[in-house]
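# Structural overview for review
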Amino acid sequence: DSRGYAVLNSLTPYQMNNVDIDPNGMPDDVELKVSSRSVVPRAGAVVMLDYPTLRARPVLINSRLVNGDRLPFAATAIDVQTGETIRAVGQGSRLVIRSEKDQGTIRVEWGKERDQQCQVDYQLPERPAGKNSGYDLLELPCRPVSALGKRSAQELQF
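Please read these numbers as outputs of a predicted model, since none were measured by experiment.

Confidence along the protein averages 88 in pLDDT terms, with 90% of residues attaining 70 or more. Below a pLDDT of 50 lies the segment residues 149-158, which in the model reaches 14 contacts outside its immediate sequence neighbourhood of four places, other chains included.

Right, let's talk about the pattern of salt bridges for a bit. One pass over the structure, following the stated rule, counts eight salt bridges. A salt bridge links Arg98 to Glu31; its shortest N-O distance comes to 2.9 Å. Note that Arg98 is positioned in strand β8 (residues 94-99) and Glu31 in strand β2 (residues 30-32), a separation of 67 residues in sequence. The shortest N-O distance in the salt bridge between Arg57 and Asp136 comes to 2.7 Å. With Arg57 in strand β5 (residues 57-65) and Asp136 in strand β11 (residues 136-144), the pair connects residues that are 79 residues apart, well separated along the chain. Considered together, Arg57 and Asp136 belong to a single accessibility category, that of buried residues. Counted as one network, the salt bridges with shared partners bring together Glu31, Arg87 and Arg98.

What counts, and where the lines are drawn
Residues numbered from 1 in each chain as written. Predicted model: local features only at pLDDT ≥ 70, side-chain atom pairs only at ≥ 80, totals over all residues. Heavy atoms only, no water. pLDDT = per-residue confidence, 0-100. Contact = heavy atoms within 4.5 Å. Salt bridge = Lys/Arg side-chain N within 4 Å of Asp/Glu carboxyl O. Helix = DSSP H or I, 4+ residues; strand = E, 2+ residues; numbered from the N terminus. Buried < 20%, exposed > 50% of the residue type's maximum accessible area, 1.4 Å probe, protein only.

Written out as structure tokens, the structure reads:
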């Protein structure tokens, strides 16, 4: 239903049952963290399964280094505010992220040296009222860490 609940009456008791969610028709701003669960119910049991989700705006960032070079494929993308790895750089120097915030900074690393890191600052455009689908497309430079001012190496590591 619209609240995310479903009832299945076809599970086989005392056997492994896989319960998958088809994301077809799901809004673009919802990501399933897990789309499949396995369960072995007892006869007559009611089993509750949880499928964690993330509700955040999908964003496609085309980014290059300030000299025009592409970001290295599979370089790690880290949310600077949380320190969490959020994705890896994809083909064509692209980052596909989901953002719960309207602005932020992503650090891209392909090594531990300062010349092997850069940062992308982003600000999402306002969405028209009622529009909850589609990716925001941004073209942003990835600035070298050495150009970010007098931050120490300790401040840039988590």
